[in-house]
Amino acid sequence: MKIAHRAIATGLGVTVALCCLWADAARAESVEADAAATLAEADHVIADKSPTSPPDSAAATGSESAESAESPHSPVNSLNLPKPAKPAKPAVGVVATAVPIAAERHQELIAQESASQEQASQEQASQEQALAAASPRADAFESIGGDSAPVAQANDSSSNPDPFGNVPSAPGSLGDRPEGNTEADELVIQRLESDPNPLQFPTLPEEVRILLTQPITLEQALEIGRRNNRDLRQAYLSIESSRAQLRQAIAANYPQLRFSSSLTDSLTAGSRLNLLLQNRTARRLGNFGGQVDIDTQDQFTWSSALELSYNIYTSGLRPANIAAAQAQLRATELSLEATFEDLRRDITDSYYRLQQENEQLKIDQSAVKFREQSVKDAQALEKAGLGTRFEVLQAEVELANDRQLVVQTRDRQTQRRRELARLLSLPEAIDIQTADPIAKAGEWTLPLEDSIVLAYRNRAEIEQQLAQRELNSAQRRARLSQLGPQLSAFARYELLDVIQPDDDFSLVSGYSTGLQLQWTLFDGGAARAQARQESVAIEQAENGVGRARDRIRFEVEVAYSNLQANAENIQTSLKAIESAQEEVRLARLRFQAGVGTQTDRLNAETRLTRARGNVLIAIIGYNRALAALNRAVSNLPPGTIQPVPEPIQLPELVDAPTGPATP
């Protein structure tokens with residue numbers, strides 16, 4: 001009987017183990033099926049993009065697709081290279097005539113394969129040449145390991161563009177590749193991707209020294225930020241955490257099966273006391289042979305239990321927790337969308353500010369050249385007796401001030417460049433520079449009222465407040481469900497055996513089944529107080545919708561007003577700079593002829609510098625306002641921003657004349 005019970009216990013353990021193995025196998029089979037479906041879809045995409053097969057290879061298409069389905073992880077598929085078509089097998093009766101044809105076909109396949117390899121090598125060489133042309137200092141990548149990656153690794157990285165691993169997919173705009181992104185741009189972007197291991201940081205000064213300054217366009221900067229930015233990656237991970245919380249809430253719909261087993265050797269204090277009392281009683285009765293050795297009376301016990309439980313009724317707690325997890329997931333997804341839109345605005349704004357500092361540095365350096373020439377002219381006039389020492393000192397002071405402005409502008413330029421590098425999470429040894437010329441980025445086609453209404457409909461912040469309201473409502477129902485009855489069912493099967501040398505008992509088994517009802521009749525008002533907190537949170541979320549609406553309208557109005565003001569300033573400043581250039585020319589001629597004064601010439605040069613700065617500020621301000629308006633509305637429909645019919649460029653800087661002053 002004891003052996004039979006032990007066999008039953010062993011059978012139960014084996015059954016539980018088999019169930020776990022079956023669940024793991026089913027899970028692995030589903031994952032493998034999903035991977036096979038993904039690979040099959042990728043093969044279809046590759047087949048659609050591959051060139052059309054010749055007519056004589058049409059018969060081999062079926063066998064080729066079957067072979068690719070059997071081995072989806074072949075190196076050809078991983079490198080996204082087209083497969084050569086295989087010849088069809090000849091019939092039995094025409095084997096002799098088919099042998100020369102098969103040999104010729106084999107030679108053709110070898111020639112096609114060699115031609116395809118040559119074409120691939122030529123494409124790779126052209127891409128490297130284009131990258132070298134785009135980056136004059138591309139050879140510096142060799143010192144940091146940029147050119148050491150083989151082509152196969154680059155192809156493998158491009159086949160899996162998601163740098164965040166197995167995380168939920170973002171909205172459509174997050175994963176779209178920018179239009180006009182060439183292969184050379186893709187290579188530049190891949191080289192500027194950050195280290196995927198955030199725990200690795202440099203420890204030597206050589207590891208943080210800037211080795212390369214890479215010019216990039218705005219589209220490249222946006223794509224690099226999408227792949228590298230830490231805040232965006234944090235938002236992806238928050239979505240993964242919310243999905244895990246939802247799976248945890250859904251798990252409450254299923255029963256719980258627990259198995260426990262223990263093997264103990266015990267001699268408790270109560271057992272020792274009982275044995276002492278028995279020995280004392282035996283001594284009083286004179287039964288000295290009835291005494292027992294207490295130290296040998298320990299019990300070696302083995303027990304096992306298998307328990308199945310399920311919550312039949314929870315007063316709405318289970319569906320409330322699931323609804324709360326769903327609302328939390330929705331709020332996290334909307335937070336990802338808002339984070340991405342903020343990232344696009346920040347990168348665009350930082351890129352334009354860096355453009356402004358670059359051009360402002362050129363303007364300040366040009367002003368220094370004018371001041372230097374003014375000092376030379378003043379000194380020449382002083383030597384000729386037509387000028388004074390006061391005018392020379394005045395010109396030298398203005399020159400020192402302009403040189404100080406150059407130093408300040410260069411400092412701001414460095415700060416803007418590193419700020420953009422921070423947003424893009426670039427590698428330690430790489431710095432960036434702008435490659436786009438300064439020009440109007442586009443024209444906004446919607447009036448102010450339509451822009452406000454579109455922002456109300458498109459902004460994720462309003463929907464995020466509504467999702468937060470749903471979350472608080474579900475949590476309120478969960479708090480109140482604690483006051484309701486909780487009904488659960490359970491079934492338990494136990495095995496117990498006391499293992500002793502003189503044990504003559506068999507393995508003891510038992511079971512228990514039943515229903516369990518729990519009902520909190522009084523908790524001091526704690527559950528209702530928690531429900532009241534959630535009710536207040538619901539009102540706060542509703543008030544948050546109004547606050548978000550007011551903030552969105554204000555952002556749209558401010559950005560729209562800045563856009564219109566800068567559009568007018570562009571035309572005004574362009575006319576002003578033409579007048580300022582002519583004024584400087586005349587002032588220099590008057591001063592050299594002895595008719596004008598040094599003050600008139602310095603004032604004219606100052607107004608020219610201010611006019612150039614005004615043009616720069618107007619164009620950059622227009623672009624920044626357009627980016628802010630794009631963020632204030634978000635998710636723009638096609639055609640909202642139209643290209644500029646006639647691009648506006650900054651006027652060319654006129655160098656200071658180098659000829660001597662004629663007194």
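Just so we're clear, the structure is a prediction, and the values are computed from it rather than from any experiment.

Analysis parameters
- Residues numbered from 1 in each chain as written.
- Predicted model: local features only at pLDDT ≥ 70, side-chain atom pairs only at ≥ 80, totals over all residues.
- Heavy atoms only, no water.
- Helix = DSSP H or I, 4+ residues; strand = E, 2+ residues; numbered from the N terminus.
- Buried < 20%, exposed > 50% of the residue type's maximum accessible area, 1.4 Å probe, protein only.
- Contact = heavy atoms within 4.5 Å.
- Areas by Shrake-Rupley, 256 points an atom, 1.4 Å probe, with all protein chains shown as cover.
- Arc of directions from axis to C-beta.
- Phe/Tyr/Trp six-rings, centres within 6.5 Å; stacked < 30°, edge-to-face > 60°.
- Lys NZ or Arg CZ within 6 Å of the ring centre and 35° of its normal.
- Core = buried A, V, L, I, M, F, W, Y, C linked by side-chain atoms within 4.5 Å.
- Salt bridge = Lys/Arg side-chain N within 4 Å of Asp/Glu carboxyl O.
- Patch = residues over 30% accessible without salt bridge, like charges linked within 9 Å, V, L, I, M, F, W, Y side chains within 5 Å.
- Pairing = 2+ DSSP bridges.
- Axes fitted to C-alpha atoms, helices over the stretch in contact; angles between N-to-C directions.
- Parallel < 35°, antiparallel > 145°, perpendicular 65-115°, else oblique.
- Left-handed = near helix turned anticlockwise from the far one by under 90°.
- Nonpolar A, V, L, I, M, F, W, Y, C, P; charged D, E, K, R; others polar.

## Structural notes on the overall build of the chain
Logical step 1: Counting its secondary structure elements, the chain contains 17 helices and eight strands.
Logical step 2: Looking at the chain as a whole, 32% of its 663 residues qualify as buried.
Logical step 3: Here the contacts in the chain between residues at least 6 apart in sequence split such that 86% fall between residues at least 24 apart.
Logical step 4: Entry remark: accessible area of the chain is about 39,300 Å², with carbon and sulfur atoms responsible for 55%.

## Comments concerning helix H14 (residues 448-458)
Logical step 1: Residues Ser451, Ile452, Leu454, Ala455 and Asn458 constitute the buried set of H14. For H14, the arc enclosing every buried residue in end-on projection is 165 degrees, short of the 170-degree limit, so these residues lie on one face. Every exposed residue of H14 that faces more than 90 degrees away from the buried side is listed here: Glu449 and Arg457.
Logical step 2: Looking at the buried positions of H14, the neighbouring elements they touch are helix H12 (317-384), strand S5 (443-444), helix H15 (460-481), helix H16 (526-592) and helix H17 (598-633).

## Remarks on the packing of aromatic side chains
Logical step 1: In total, this model carries zero aromatic pairs according to the counting rule given.
Logical step 2: Taking the ring centre of Tyr622 as reference, the NZ or CZ of Lys440 above it sits at 4.5 Å.

## Quick look at unusual backbone geometry
Logical step 1: Positive phi values are uncommon outside glycine, yet Ser425 reaches one of about 50 degrees.
Logical step 2: By the element assignment, Ser425 lies in the loop between helix H13 (389-424) and strand S4 (430-434).
Logical step 3: Overall, the relative accessible area of 9% leaves Ser425 in the buried class.
Logical step 4: Unlike most non-glycine residues, Asn635 shows phi in positive territory, near 50 degrees.
Logical step 5: By the secondary structure assignment, Asn635 is in the loop between H17 and strand S8 (641-642).
Logical step 6: Taking the relative accessible area as the measure of exposure, Asn635 reaches 36% and is therefore partly exposed.

## Things to note about the nonpolar core
Logical step 1: The biggest cluster of nonpolar side chains holds 65 residues, and the ones touching the most others in it are Ile216, Ile347, Leu424, Val556 and Leu629.
Logical step 2: The leading source of residues in this core is H17, at 14 residues.
Logical step 3: If sequence neighbours within four positions are ignored, Ile347 has contacts with Ala221, Leu222, Gly225, Leu420, Leu423 and Leu424.
Logical step 4: By size, the runner-up hydrophobic cluster in this structure holds six residues, among which are Leu361, Val375, Ala395 and Leu399.

## Considerations on the pattern of salt bridges
Logical step 1: Counted according to the given criterion, the structure contains 26 salt bridges.
Logical step 2: Put simply, Arg553 and Glu557 hold a salt bridge, and the shortest N to O gap is 2.8 Å. Taken together, the positions of Arg553 and Glu557, both in helix H16 and four residues apart, correspond to about one turn of that helix.
Logical step 3: In this structure Glu557 comes out as partly exposed when scored by relative accessible area, which is 28%.
Logical step 4: Between Arg585 and Glu582 there is a salt bridge, and its shortest N-O distance comes to 2.5 Å.

## A few points about a nonpolar patch on the surface
Logical step 1: On the surface, Tyr310, Ile312, Tyr313 and Leu515 cluster together into a nonpolar patch covering about 410 Å² of accessible area.
Logical step 2: With three residues, the top contributor of residues to the nonpolar patch is strand S3 (residues 299-313).
Logical step 3: Tracing the sequence through the fold places Tyr310 in strand S3.

## Examining the side chain of Arg371
Logical step 1: Mapped onto the secondary structure, Arg371 falls in helix H12.
Logical step 2: Not counting residues within four places of it along the chain, the set of residues in contact with Arg371 comprises Glu398, Leu399, Asp402, Leu602, Glu605 and Thr606.

## A word on the environment of Ile619
Logical step 1: Position of Ile619 relative to the elements: it lies in helix H17.
Logical step 2: By relative accessible area, Ile619 is classed as buried at 0%.

## Description of the pairing of strand S1 (residues 212-216)
Logical step 1: Every second residue of S1 is oriented toward a common face, the buried set being Leu212, Gln214 and Ile216 and the non-buried set Thr213 and Pro215.
Logical step 2: Bridge count between S1 and S4: five bridges; the pairing is parallel. Residue pairing across strands places Pro215 opposite Gln433, the latter belonging to S4.

## Considering the sheet that holds strand S2 (residues 256-266)
The strands making up a sheet are joined through hydrogen bonds of the backbone, oriented either antiparallel or parallel.
Logical step 1: What the four strands build is an open sheet, ordered S2-S3-S6-S7; its pairing is antiparallel. Of all strands in the sheet, those bounded by a partner on one side alone are S2 and strand S7 (508-519). Along the sheet, successive strands turn relative to each other by an average axial angle of 20 degrees, direction set aside.
Logical step 2: Where strand S6 (residues 485-499) and S7 come together, twelve bridges link them in antiparallel fashion. In the strand pairing of S7, Leu495 is matched with Ser509.

## Quick look at the packing of H12 against H13
Logical step 1: Following both chains from N to C, one finds H12 and H13 inclined at 160 degrees, their axes separated by 8 Å at the closest point. Taken together, the axes of H12 and H13 are roughly antiparallel relative to one another. For H12 against H13, the interelement crossing comes out left-handed.
Logical step 2: For the contact of H12 with H13, the class distribution of residues is 17 nonpolar, eight polar and 18 charged.

Just distances and angles here, no functional claims.
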